[in-house]
Amino acid sequence: MRNIRGYLITAIFALQAGLNIKLFGFIPVMFTVLIPRTIYRYVAWLIPFLLFAFFLLGIASLHYMGSSPRRAFLCGSLYFLFALLGSLGFLVRQDFNLPRVSLMMKIWALSSLLGLFLVLSIRNEGVFLNPLAVYTAIALLIVSGVITLMISAWLAEDYYAHLDIGKDVPENATRIVGHPVMVNNTTG
């Protein structure tokens, strides 16, 4: 029974990494709904590193699953708890209608709940797994984490760029754009 639970946990890690790869690193959007908007501007630069650390929790949980059950329990429960909170936060605060993404987030939430339950059930037990299954799941988590790191870094950079642009735009900028005026070419 312990091996079945271990394989299910490994499959859930692989499923979530695959969903994130399929959604091109959509996890930053899922987790940013948990951050209050009042402090988001101050911590947006930190989000890529936090998300990479999130995937490192999953990798550490898989790594320690056979050798150190307590560490696997700690890392796995934190990973699945954050994944569950992020997906539920996204589903509750969803401001747009994207059925495919909504379905993926529901799958993510259900798999996180199942993963959390399974990790809690192996708290003090060692789990013996096929190394190929573990290394495949770890590779998927690494690829998913790198994609998430790149996408979230780009989103944070874009966010701060829009903050900087907003400071220099005059109040009547919409009227200037709304009614363009033809200007003579002065370069000849």
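In this text, all values refer to a predicted model and were calculated from it rather than measured experimentally.

Turning next to the packing of helix α5 (residues 69–92) against helix α6 (residues 99–121). At a closest axis distance of 8 Å, the pairing of α5 and α6 adopts a crossing angle of 150°. With respect to α6, the axis of α5 lies roughly antiparallel. Along this stretch, α5 crosses α6, giving a crossing that reads as left-handed. Of the residues assigned to the contact of α5 with α6, the class counts are 18 nonpolar, seven polar and one charged.

With that settled, consider the nonpolar core. Of all hydrophobic cores here, the largest spans 45 residues; its most connected members are Ile9, Leu62, Tyr79, Phe80, Trp108 and Leu141. Elements that contribute at least two residues to this core include exactly α1 (2–22), α2 (27–32), α4 (47–64), α5, α6 and α7 (131–168). Filtering out sequence-adjacent residues up to four positions away, tryptophan 108 remains in contact with Gln16, Leu19, Asn20, Ile27, Met30, Phe54, Tyr79, Ala83 and Ser87.

Let us look at the side chain of serine 61. As for its placement among the helices and strands, serine 61 is situated in helix α4. Residue serine 61 is classed as buried on the basis of its relative accessible area of 0%. Only 3.4 Å separates the side chain of serine 61 from the backbone nitrogen of glycine 76, close enough to count as a polar contact. Leave out the neighbours within four places in its chain, and serine 61 touches Phe13, Ala72, Cys75 and Gly76.

Moving on to the packing of α4 against α5. Put simply, α4 and α5 touch, their axes get as near as 8 Å, and they point 145° apart. The element α4 and its partner α5 pack so that their crossing is left-handed. Contact residues: Phe54, Phe55, Leu57, Gly58, Ala60, Ser61 and Tyr64 in α4; Pro69, Arg71, Ala72, Cys75, Gly76, Leu78, Tyr79, Phe82 and Ala83 in α5. Looking at the contact of α4 with α5, its residues break down into 12 nonpolar, three polar and one charged.

It is worth spelling out α6 at this point. Between its terminal C-alpha atoms α6 stretches 33 Å, which fits the 33 Å expected from 23 residues at 1.5 Å a residue. Along α6, the residues that are buried comprise Val101, Ser102, Met104, Met105, Trp108, Ala109, Ser111, Ser112, Gly115, Leu116, Leu118 and Val119.

Here the focus is the confidence of the model for the chain. Summarising the model, the chain shows a mean pLDDT of 78, and 78% of its residues fall at 70 or more. Considering only residues more than four positions removed or in separate chains, one finds that residues 172–178, a stretch of pLDDT under 50, has zero contacts.

Conventions used here
- Residues numbered from 1 in each chain as written.
- Predicted model: local features only at pLDDT ≥ 70, side-chain atom pairs only at ≥ 80, totals over all residues.
- Heavy atoms only, no water.
- Axes fitted to C-alpha atoms, helices over the stretch in contact; angles between N-to-C directions.
- Helix = DSSP H or I, 4+ residues; strand = E, 2+ residues; numbered from the N terminus.
- Parallel < 35°, antiparallel > 145°, perpendicular 65-115°, else oblique.
- Left-handed = near helix turned anticlockwise from the far one by under 90°.
- Nonpolar A, V, L, I, M, F, W, Y, C, P; charged D, E, K, R; others polar.
- Core = buried A, V, L, I, M, F, W, Y, C linked by side-chain atoms within 4.5 Å.
- Buried < 20%, exposed > 50% of the residue type's maximum accessible area, 1.4 Å probe, protein only.
- Contact = heavy atoms within 4.5 Å.
- Polar contact = N/O pair within 3.5 Å; in protein donor to acceptor, adjacent residues only side chain to side chain.
- Expected span 1.5 Å × (residues − 1).
- pLDDT = per-residue confidence, 0-100.

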